[in-house]
Amino acid sequence: MCKAGLLLRFPPRLPCFTLNSLNQETQAWIDRLRSGDARALARAISMVENRVPGYSELLKALFPHSGHARILGLTGAPGAGKSTLVDQLAKHYRKENRTVGIVAVDPTSPYTGGAILGDRIRMQDHFADPGIYIRSMATRGSLGGLARTTADVTTVMDASGRDLVMIETVGVGQDEVDIVRLADITVVILVPGMGDDVQTIKAGIMEIADIFVINKSDREGAERVEREIRAMQSLSIRLDNWTPPIVKTVASDGTGIGELANAIAGYEGYLQKENLVLKRNIQNWRERLMEMLRDTLIEQASAQIGNGRLEGYAAQIAEHKRDPYTVVEEIIAGLKN
Ligand SMILES: Nc1nc2c(ncn2[C@@H]2O[C@H](COP(=O)(O)OP(=O)(O)OP(=O)(O)O)[C@@H](O)[C@H]2O)c(=O)[nH]1
Ligand SMILES: [Mg+2]
């Protein structure tokens, strides 16, 4: 049996290790992971994604090796062609000898959903090339929240030495906005013929675009989408004074992928010139730290309240025997002890 605090179960499928052997084991694992071993990477991601005990030790050990990858967030409506576009970009970057990690986040489909199935096929597609690693995540309601899990998985990919990590997510809600915020560069993908076009995309998503892509430009209406984006841009000024370029693509045949890569490189150059990468990272970490704190405090408070006591408190408050303000103060005071 493992005793919490003294012994950790690590890796998940093997027996317990002492803290010493954990360090050796971890080091060997990290070495393999950093040398590009896809199995070591897969195991680390699973551990982090499933919050297997010991995951935070792993993240602590990996963190110093992260921070080198360029993180690209790509978001857009369901079926906009995100996966196709990401694949084309991955191929493009592989030609430049850059290694790529892809995190495909699908918060809406269940485990057996089509997207995951599709992503499996994609994985087979790239199977022969160890320079591309794809991971799908469909675990809404995962412990710690989707955005945080994605952030941690991205850190693992980053630490594995990938030059680029692409996060692909459906742009529909706040979760997605939170996810793409992790990225150094955010690409918002629109398509022609979406009814009221730009208006139907959530304002929050439009605001975080560093680059706009109008995919499926082989269809009618691409010009109209472009006009709408321009109209929207004329109404708003970004704090960093960057005007997001608009790139038209046909992801299914690769048209415009080179232009998109150029636009990405252009923004990368701008970020560097204006020293914005660090600023953006600090901003991200402020939010992530608050979120981690919130998670940890809630975890501890839940443990403190224990089974059934929450019910008891709620009943007392509902019956006006106690007030909630004092109850919360009591629970927080309990945490400090
Ligand atoms: N005509 C046309 N079809 C495209 C283009 N890009 C992608 N498609 C097709 O659009 C469909 C959806 O593409 P995906 O890449 O799966 O789109 P997605 O945004 O990843 O979809 P979800 O992950 O389900 O939200 C596929 O059948 C693609 O072949 C394009 O530029 N033009
Ligand atoms: Mg997809």
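Quick notes on the rules
Residues numbered from 1 in each chain as written. Chains lettered and ligands numbered in written order. Predicted model: local features only at pLDDT ≥ 70, side-chain atom pairs only at ≥ 80, totals over all residues. Heavy atoms only, no water. Helix = DSSP H or I, 4+ residues; strand = E, 2+ residues; numbered from the N terminus. Buried < 20%, exposed > 50% of the residue type's maximum accessible area, 1.4 Å probe, protein only. Areas by Shrake-Rupley, 256 points an atom, 1.4 Å probe, with all protein chains shown as cover. Salt bridge = Lys/Arg side-chain N within 4 Å of Asp/Glu carboxyl O. Pairing = 2+ DSSP bridges. Axes fitted to C-alpha atoms, helices over the stretch in contact; angles between N-to-C directions. Contact = heavy atoms within 4.5 Å. Near = heavy atom within 4 Å. Polar contact = N/O pair within 3.5 Å; in protein donor to acceptor, adjacent residues only side chain to side chain. Nonpolar A, V, L, I, M, F, W, Y, C, P; charged D, E, K, R; others polar. Patch = residues over 30% accessible without salt bridge, like charges linked within 9 Å, V, L, I, M, F, W, Y side chains within 5 Å. Arc of directions from axis to C-beta. Parallel < 35°, antiparallel > 145°, perpendicular 65-115°, else oblique. Left-handed = near helix turned anticlockwise from the far one by under 90°. pLDDT = per-residue confidence, 0-100. Phe/Tyr/Trp six-rings, centres within 6.5 Å; stacked < 30°, edge-to-face > 60°. Lys NZ or Arg CZ within 6 Å of the ring centre and 35° of its normal.

**Observations regarding the overall build of the chain**
Here is step 1: Check the secondary structure of the chain and you find 13 helices and nine strands.
Here is step 2: Burial statistics for the chain: of 337 residues in total, 45% are counted as buried.
Here is step 3: As displayed, the chain has an accessible area near 17,800 Å², and 55% of this comes from carbon and sulfur atoms.

**Quick look at the pattern of salt bridges**
Here is step 1: Counted according to the given criterion, the structure contains 22 salt bridges.
Here is step 2: Of the charged contacts in the structure, one is a salt bridge between R98 and E268, with a shortest N-O distance of 4.0 Å. Of this pair, R98 sits in the loop between α4 (82-95) and β4 (100-105) while E268 sits in helix α10 (residues 257-273); the two residues are 170 residues apart in sequence, bridging distant segments of the chain.
Here is step 3: The residue R322 makes a salt bridge to E330 at a minimum N-O spacing of 2.4 Å.
Here is step 4: Of the residues examined, R322 reaches a relative accessible area of 26% and is grouped as partly exposed.

**Here we look at the sheet that holds strand β8 (residues 211-214)**
Here is step 1: Strand order across the open sheet formed by seven strands is β5-β4-β6-β3-β7-β8-β9, with parallel pairing between neighbours. Each edge of the open sheet carries a strand with a single partner, namely β5 (132-137) and β9 (246-248). The sheet shows a mean angle of 20 degrees between the axes of neighbouring strands, direction not considered.
Here is step 2: The pairing of strand β7 (residues 185-190) with β8 spans four bridges and is parallel. Each bridged residue has a counterpart across the sheet, and for I189 the counterpart in β8 is V213.
Here is step 3: Helix α6 (residues 146-159) rests against β3 (70-76), β4, β5 and β6 (164-170) of the sheet, and its axis sits at about 165 degrees to β4.

**Description of the site of ligand 1**
Here is step 1: Close to ligand 1 lie 16 residues, the nearest being G81, K82, S83, T84 and D218.
Here is step 2: In the model, an oxygen atom of ligand 1 is placed 2.7 Å from a nitrogen or oxygen of the K82 side chain.
Here is step 3: K216 places a polar side-chain atom, nitrogen or oxygen, 3.1 Å from an oxygen atom of ligand 1.
Here is step 4: Protein contacts shield 66% of the accessible area of ligand 1, which totals 650 Å² for the unbound molecule.
Here is step 5: Contributions of two or more residues to the shell around ligand 1 are made by α4 and β6.
Here is step 6: With three residues, α4 is the largest single contributor of residues to the shell around ligand 1.
Here is step 7: Taken together, the residues of the shell around ligand 1 sort by class into six nonpolar, six polar and four charged.

**Some words on a nonpolar patch on the surface**
Here is step 1: On the surface, a cluster of nonpolar side chains totalling about 290 Å² of accessible area is made up of M290, L293 and L297.
Here is step 2: Using a relative accessible area of 49% as the deciding quantity, one classes M290 as partly exposed.

**Notes on helix α3 (residues 55-62)**
Here is step 1: If you check which residues of α3 are buried, you get Y55, L58, L59 and L62. All buried residues of α3 project into a common sector of 100 degrees when viewed along the axis, lining one side.

**Section: the packing of helix α2 (residues 38-49) against α6**
Here is step 1: Between α2 and α6, whose axes approach to 9 Å, the crossing angle comes to 160 degrees. In terms of axis orientation, α2 runs roughly antiparallel to α6. Along this stretch, α2 crosses α6, giving a crossing that reads as right-handed. Where α2 abuts α6, its residues L41, A44, I45, V48 and E49 lie against T149, D152, V153, V156 and M157.
Here is step 2: Tallied by class, residues from the contact of α2 with α6 come to seven nonpolar, one polar and two charged.

**Thoughts on the environment of N23**
Here is step 1: The topology assignment puts N23 in helix α1 (residues 19-34).
Here is step 2: Residue class for N23 comes out partly exposed when judged on its relative accessible area of 47%.

**Some details on the confidence of the model for the chain**
Here is step 1: Residue-level pLDDT values for the chain average 82, and 80% of them are 70 or greater.
Here is step 2: Every residue in residues 1-21 is under pLDDT 50, and counting partners more than four places away or in other chains gives 37 contacts.
Here is step 3: Considering only residues more than four positions removed or in separate chains, one finds that residues 109-114, a stretch of pLDDT under 50, has five contacts.

**Focus on the packing of aromatic side chains**
Note on aromatic pairs: each is described by the distance of the centres and the angle between the planes.
Here is step 1: Applying the stated criterion across every chain yields a total of four aromatic pairs.
Here is step 2: Both rings, one in W242 and one in Y267, keep their centres 4.7 Å apart while their planes meet at 50 degrees; by these two values the pair is tilted. Of this pair, W242 sits in the loop between α9 (222-235) and β9 while Y267 sits in helix α10; the two residues are 25 residues apart in sequence, bridging distant segments of the chain. Y267 matches W242 in its accessibility class, with the two residues each being buried.
Here is step 3: The structure contains a cluster of three or more aromatic residues connected by ring pairs, namely W242, Y267 and Y270.
Here is step 4: Stacked on the ring of W29, the Lys or Arg R43 has its end atom at 4.4 Å from the ring centre.
Here is step 5: Note that R288 overlies the ring of W285, its terminal NZ or CZ placed 3.9 Å from the centroid.

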